[in-house]
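A structural walkthrough
Listed below, chain by chain, are the residues.
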Amino acid sequence: MDIKIENGKIIFSENNIKYSFDAHGEYPRPSIMPAISVGGKHLSNRSEDIKIEKHTAVQDIAIGNNMAAWYTQEFLPDGADYKLSKKASIYIGDFSTGKEKLIYKGECYGDLCFYENDLFFNIGNKVAVYHLNSGESEILFKHSGIKKSGIDLHITPKRIFFQHWTHSNNNTMWYDRETQKLINPHFDGSVMFFLDDETIIYKGLNHTWIYDTNSMKKKCFFSNKDRNKIIEMVGMFFDIPKEHINKYTSSWTKIELNGFENGRLYFKCFLDYFEESSSFEDDQRNCHSLGLPSIAQTQISCDLSGKNIIIEADKSDIVIEEKPYNTLHMEKFDFTMVTKKAFRDKQEINE
């Protein structure tokens with residue numbers, strides 16, 4: 001569904017049908033300071049000659065139950081940038097009747113999320129729910145994360161998952177809807193995909209992990225054997241001879257989770273040439289003398305069991321970049337760094 005805000009209206013359109021409501025706010029104005037970003041939704045580079053004025057902006061939008069919900073936030077002048085006021089509002093627009101209504105007013109930080117007959121939202125250090133059938137709201141639980149930050153709510157029948165942002169780290173946590181207890185398993189799932197109530201696949205520092213919420217245990221999504229098979233497959237795609245594939249199996253080579261669509265997981269693959277016994281300069285010189293790429297990048301996809309792996313590109317998509325290697329205060333080395341890339345439409349995938 002396409003969404004735009006113009007002339008004081010928020011407009012939803014799909015299949016040549018438009019639904020229009022009073023936005024009660026405007027597009028977010030450009031800001032310099034990321035500190036006032038609400039869940040990352042109010043961050044851009046602003047020219048210093050843009051006048052700083054009090055305004056109300058639409059910050060978050062959710063669609064579900066044949067309805068739309070949107071959250072507006074008031075911003076106040078604060079020297080060279082804005083600061084948040086405690087005046088925020090949540091509105092619901094009904095597509096079937098064309099009517100909208102205010103359901104919440106006060107301090108709020110968005111994260112709107114429809115689930116069944118409820119709308120969940122974040123009011124700082126608390127998560128609340130608005131019951132569509134009764135028109136009543138209630139506070140579900142309190143958390144101790146950074147107050148003025150998004151928490152990325154995800155609702156399942158048994159749990160309410162969210163990101164617990166603190167000044168030093170980020171934890172994936174959940175609220176058990178049956179026991180009404182908060183659970184902190186102490187892991188950072190910066191990119192996560194929920195297969196069901198019990199299973200999360202998430203991107204870690206060096207691996208993709210599969211996490212069982214019942215046992216609170218994790219394991220690598222790809223075994224070392226699978227990882228080496230992927231590296232070999234990608235190497236063959238970029239015409240890297242089999243006898244040199246072992247030069248791309250170090251920890252510098254990454255297989256990073258970045259998408260989930262239509263029952264398939266998508267990963268960016270970064271093959272990085274590395275010789276353990278040599279310096280970086282010697283690595284690159286040897287790599288260049290062998291006619292191999294320093295880096296090869298593409299995207300693969302697989303099913304939810306990690307099988308049926310394919311490369312999401314064709315040979316015709318390969319782009320070659322060559323750069324002479326230079327270092328400051330040193331003479332130019334006699335080699336070139338070569339990067340080969342092959343990406344298609346699914347280079348960036350969102351859940």
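Computed from a predicted structure; not experimentally measured. (Residues numbered from 1 in each chain as written. Predicted model: local features only at pLDDT ≥ 70, side-chain atom pairs only at ≥ 80, totals over all residues. Heavy atoms only, no water.)

What about the side chain of H244?
- Tracing the backbone through its elements, the reader meets H244 in the loop between α1 (224-237) and β20 (254-261).
- Its relative accessible area of 18% is what places H244 among the buried residues.
- Filtering out sequence-adjacent residues up to four positions away, H244 remains in contact with L290 and L292. (Helix = DSSP H or I, 4+ residues; strand = E, 2+ residues; numbered from the N terminus. Buried < 20%, exposed > 50% of the residue type's maximum accessible area, 1.4 Å probe, protein only. Contact = heavy atoms within 4.5 Å.)

Considering the side chain of E74
- For E74, the position within the fold is in strand β5 (residues 67-78).
- Note on E74: relative accessible area 9%, which makes it buried.
- Within the structure, E74 has its side chain in polar contact with the side chain of S85 (distance 2.8 Å). (Polar contact = N/O pair within 3.5 Å; in protein donor to acceptor, adjacent residues only side chain to side chain.)

A few points about the packing of aromatic side chains
- Scanning the entire structure with this criterion turns up 22 aromatic pairs.
- Ring geometry for F161 versus F194: centroids 4.7 Å apart, planes at 50°, classification tilted. Placement of F161 in strand β13 (residues 159-165) and of F194 in strand β16 (residues 192-194) is noted, with a sequence separation of 33 residues between them.
- Relative accessible area serves as the criterion here: at 12%, F194 is assigned to the buried category.
- In this structure an aromatic cluster arises from ring pairing among F12, Y19, F21, W70, Y91 and F95.
- One Lys or Arg, K268, reaches over the ring of F343 and ends 5.9 Å from the middle of that ring.
- Over the aromatic face of F237 sits the side chain of K315, whose NZ or CZ is 5.4 Å from the ring centroid. (Phe/Tyr/Trp six-rings, centres within 6.5 Å; stacked < 30°, edge-to-face > 60°. Lys NZ or Arg CZ within 6 Å of the ring centre and 35° of its normal.)

Focus: the pattern of salt bridges
- Here the structure, examined in full by the defined rule, presents 12 salt bridges.
- A salt bridge links D197 to R159; its shortest N-O distance comes to 3.5 Å. Here D197 is found in the loop between β16 and β17 (199-203), whereas its partner R159 is found in strand β13, with 38 residues between them in sequence. R159 shares its class with D197; the two are buried.
- The structure contains a network of salt bridges with shared partners spanning K158, R159, D197 and E198. (Salt bridge = Lys/Arg side-chain N within 4 Å of Asp/Glu carboxyl O.)

Notes on the sheet that holds β5
- An order of β4-β5-β6-β7 is seen for the 4 strands of this open sheet, with the pairing classed as antiparallel. Edge positions in the sheet fall to β4 (55-64) and β7 (100-106), since each has one partner strand and no second. Adjacent strand axes in the sheet meet at a mean angle of 25° when their direction is disregarded.
- With 9 bridges joining them, β4 and β5 adopt antiparallel strand pairing. Bridge pairing links I63 to A68 in β5. (Pairing = 2+ DSSP bridges. Axes fitted to C-alpha atoms, helices over the stretch in contact; angles between N-to-C directions.)

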